[in-house]
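# Commentary on secondary and tertiary structure
This is what each chain is made of:
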Amino acid sequence: MSYKSIIVNLAVDADPAPIVKLGATLAERFGAHLIGLAAADVPPLVSTGEGLVYEGEVMQIQRTEIEKRLAALHGEFERLVPTSLSNEWMQQVCSPTRLLGAAARQADLIVTGPDEGENVFRAVDIGSLVLGIGRPVLVAASNCELMLANTVLVAWKDTREARRAIADALPFLSKAKDVIVATIDSEHDDVRNSLADVAVYLEHHGIMARTEILSGEPEGERLTAFARSIHADLIVSGAYGHSRLREWAFGGMTRTLVQESGINRLMSY
């Protein structure tokens, strides 16, 4: 298994160089086609001295500014991606999360930068993206230009989401020098059995993994602290949440990993 098509998302308000370089190196590593994507939308309401109103002229000015920014990002993408690499560009004045959701049907992997705030008109809603896109999402650490993924931590929980994440991460795991499958649970004997089963599954794919049972509460901070202690440069995990009145409500582990910006994270749902 390998990634043969990778989408890299360029946020309109961020420096495009780190994420484009990361996407390009991953595409070269896996022999993948690279799709650069950028989007932003005009808010349906604009702020004036009299409050929030519809203002056609202001909205058109904002749309023109977005189009100029998207064109500039396209130029940066073309400048930074090696000509030897198969690639294409996609842009649209619309919600970046919605465009990524539509484009994901032609990709094996989505690469995006860290959570950049709550302006869903100009930045991807990472939680909604992960839980709704049906593809693995690699959320890069801040300003990450190169990800070796030499040491990979797999956050294990015997759930559909975790099983899916491991399968989605096989291309990274197969190239890693050290793979650690860890769970936070010391109360149940079947945890050891499930960890052993995962290790056997990975061994069938030529991946020799070691397993760890972490003590303490099953929370994201415990997992990220362990990741730093072993110098992991990638955390693989399932994502957990559910939709409530069109908004995603997340489990604590997923919330922590979405907000974490110091380590690369690959999440699947």
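This text goes with the structure placed above it.
Below is a summary of the structure that appears in this document. (Residues numbered from 1 in each chain as written. Predicted model: local features only at pLDDT ≥ 70, side-chain atom pairs only at ≥ 80, totals over all residues. Heavy atoms only, no water.)

The final tally for this structure, using the stated rule, is 4 aromatic pairs. With centroids separated by 5.5 Å and ring planes inclined at 55 degrees, the aromatic side chains of Tyr 3 and Phe 172 adopt a geometry described as tilted. Linking Tyr 3 in the segment before strand S1 (5-9) with Phe 172 in helix H6 (residues 170-175), this pair joins segments that are 169 residues apart in sequence. Phe 172 gets classed as buried once you look at its relative accessible area, which sits at 1%. Each ring, one from Phe 30 and one from Phe 172, has its centre 5.3 Å from the other, and the planes form 90 degrees; the classification is edge-to-face. Taken together, the residues span a long stretch of sequence, with Phe 30 in helix H1 (residues 16-30) and Phe 172 in helix H6 at a distance of 142 residues. The exposure class assigned to Phe 30 is buried, which follows from its relative accessible area of 5%. Within the aromatic cluster, the residues linked to one another by ring pairs are Tyr 3, Phe 30 and Phe 172. Positioned over the ring face of Tyr 269 is Arg 160, at 5.1 Å from the centre of the ring. (Phe/Tyr/Trp six-rings, centres within 6.5 Å; stacked < 30°, edge-to-face > 60°. Helix = DSSP H or I, 4+ residues; strand = E, 2+ residues; numbered from the N terminus. Buried < 20%, exposed > 50% of the residue type's maximum accessible area, 1.4 Å probe, protein only. Lys NZ or Arg CZ within 6 Å of the ring centre and 35° of its normal.)

Attention now moves to the pattern of salt bridges. Enumeration according to the criterion identifies 9 salt bridges in this entry. Between Arg 163 and Asp 158 there is a salt bridge; the shortest N-O distance is 2.6 Å. Among the ionic pairs, Arg 160 bridges to Glu 161, the shortest N-O distance being 3.3 Å. Beyond isolated ion pairs, a larger network of salt bridges with shared partners links Asp 178, Arg 210 and Glu 212. (Salt bridge = Lys/Arg side-chain N within 4 Å of Asp/Glu carboxyl O.)

So, about the packing of H1 against helix H2 (residues 56-80). Running from N to C, H1 and H2 point in directions that differ by 45 degrees, and their axes come no closer than 10 Å. By the angle class used here, H1 and H2 are oblique. Judged by the twist between their axes, the crossing of H1 over H2 is right-handed. For the pair H1 and H2, the contacting residues are Pro 16, Ala 17, Val 20 and Lys 21 in the first and Arg 69, Leu 73, Glu 76, Phe 77 and Leu 80 in the second. (Axes fitted to C-alpha atoms, helices over the stretch in contact; angles between N-to-C directions. Parallel < 35°, antiparallel > 145°, perpendicular 65-115°, else oblique. Left-handed = near helix turned anticlockwise from the far one by under 90°. Contact = heavy atoms within 4.5 Å.)

Positive phi is not limited to glycine here, since Ala 149 has a value of about 55 degrees. Among the structural elements, Ala 149 can be located in the loop between strand S7 (137-139) and strand S8 (151-155). A relative accessible area of 0% places Ala 149 in the buried class. The backbone of His 231 shows a phi angle near 60 degrees, a positive value even though the residue is not glycine. Taking relative accessible area as the criterion, His 231 reaches 66% and is therefore assigned exposed.

Before going further, it helps to examine the nonpolar core. When a protein is soluble and globular, its nonpolar side chains tend to lie buried together. Phe 172 and Leu 173 are the most contacted members of the largest nonpolar core, which totals 57 residues. For this core, the leading source of residues is H1, giving 8 residues. Residues Leu 100, Ala 227, Ile 230 and Val 258 belong to the second largest nonpolar core, which totals 37 residues. (Core = buried A, V, L, I, M, F, W, Y, C linked by side-chain atoms within 4.5 Å.)

In short, the description is geometric, and any link to function would need to be established separately.
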